[in-house]
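Listed here are the chains, written in short residue letters.
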Amino acid sequence: MGELPERSCLALEDDEIDKLFLAALENSSQDTDEVREVFSTLIKTTLRYRDQMLEHKGVVVTVEDVRTALKWLVPCLATGQVPKTDDKLRLDLLKIWVDELKRLGKPHVYLT
């Protein structure tokens, strides 16, 4: 496994993840129960990933990691393409989100 790129050391706290996703929801033109369910799923998945990375690899998932993955999410769902990046942590988070949303049958929420 290759080295992870240098990242900000601002650890992702539970309340910070809520703030990130609530801010994204406020900017969404679709504030519906279904969209809120999607964001709830993303929050739970992110917290689980954060805890697993810290416990099993000693890697801290940062606020910036989640912000970056959030920026990639809608384009990824719309095109089916993941960004070209060497940042495995952020890319893995994105893939986990997409897999979880597909499992729940929810990606259509983002497609127009």
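Scope of this entry: the structure provided in the associated data block. In this text, all values refer to a predicted model and were calculated from it rather than measured experimentally.

For the rest of this paragraph, the subject is the overall build of the protein. Along the backbone of the protein there are four helices and zero strands. Starting at the N terminus and walking to the C terminus, you meet the elements of the protein as α-α-α-α. Classification of the 112 residues of the protein by burial places 40% in the buried group. Taking the intrachain contacts of the protein between residues at least 6 apart in sequence as the baseline, contacts between residues at least 24 apart amount to 73%. Working note: accessible area of the protein is about 6,900 Å², and carbon and sulfur atoms make up 50% of it.

A separate point is the pattern of salt bridges. The full count for this structure, using the stated rule, is six salt bridges. The partner of R50 in a salt bridge is D51, and the shortest N-O contact between them spans 2.8 Å. A relative accessible area of 13% means that R50 is categorised as buried. For the salt bridge of R90 with D87, the shortest nitrogen-to-oxygen distance reads 3.2 Å. One exposure class covers both R90 and D87, and it is buried.

Contact geometry for helix 2 (residues 33-57) and helix 4 (residues 88-104): axes closest at 10 Å, N-to-C directions at 135°. With respect to helix 4, the axis of helix 2 lies oblique. Here the hand of the crossing between helix 2 and helix 4 comes out right-handed. Residues V38, T41, L42, T45, T46, R48, Y49 and M53 of helix 2 form the contact with helix 4, whose own contacting residues are L89, D92, L93, I96, W97, E100, L101 and L104. A class-by-class count of the residues in the contact of helix 2 with helix 4 yields 10 nonpolar, three polar and three charged.

Moving on, we get to the side chain of D65. Summarising the element assignment, D65 is placed in helix 3 (residues 63-79). Overall, D65 belongs to the buried group, its relative accessible area being 0%.

This next bit is on helix 2. Its 25 residues place the ends of helix 2 35 Å apart at the C-alpha level, agreeing with the 36 Å of an ideal helix rising 1.5 Å per residue. Those residues of helix 2 that sit buried are V35, V38, F39, T41, L42, I43, T45, T46, L47, Y49, R50 and M53. Looking one or two residues past helix 2, G58 carries a phi angle of roughly 70°, positive in sign.

With 17 residues, helix 3 extends 25 Å between its outermost C-alpha atoms, agreeing within 8% with the 24 Å of an ideal straight helix rising 1.5 Å per residue. Along helix 3, the largest kink reaches about 30° and is centred on L73; proline P75 follows within four residues of it. For helix 3, the set of buried residues is V63, D65, V66, T68, A69, L70, W72, L73, C76 and L77. G80 occupies a position one or two residues after helix 3 and carries a positive phi of about 80°.

A word on the nonpolar core. Formed by 20 residues in total, the largest nonpolar core has its most connected members in L73, L94 and W97. For this core, the elements supplying multiple residues, two or more each, are helix 2, helix 3 and helix 4.

Thresholds applied
Residues numbered from 1 in each chain as written. Predicted model: local features only at pLDDT ≥ 70, side-chain atom pairs only at ≥ 80, totals over all residues. Heavy atoms only, no water. Helix = DSSP H or I, 4+ residues; strand = E, 2+ residues; numbered from the N terminus. Buried < 20%, exposed > 50% of the residue type's maximum accessible area, 1.4 Å probe, protein only. Contact = heavy atoms within 4.5 Å. Areas by Shrake-Rupley, 256 points an atom, 1.4 Å probe, with all protein chains shown as cover. Salt bridge = Lys/Arg side-chain N within 4 Å of Asp/Glu carboxyl O. Axes fitted to C-alpha atoms, helices over the stretch in contact; angles between N-to-C directions. Parallel < 35°, antiparallel > 145°, perpendicular 65-115°, else oblique. Left-handed = near helix turned anticlockwise from the far one by under 90°. Nonpolar A, V, L, I, M, F, W, Y, C, P; charged D, E, K, R; others polar. Expected span 1.5 Å × (residues − 1). Bend = angle between axes of the 7 residues up to and from the residue. Core = buried A, V, L, I, M, F, W, Y, C linked by side-chain atoms within 4.5 Å.

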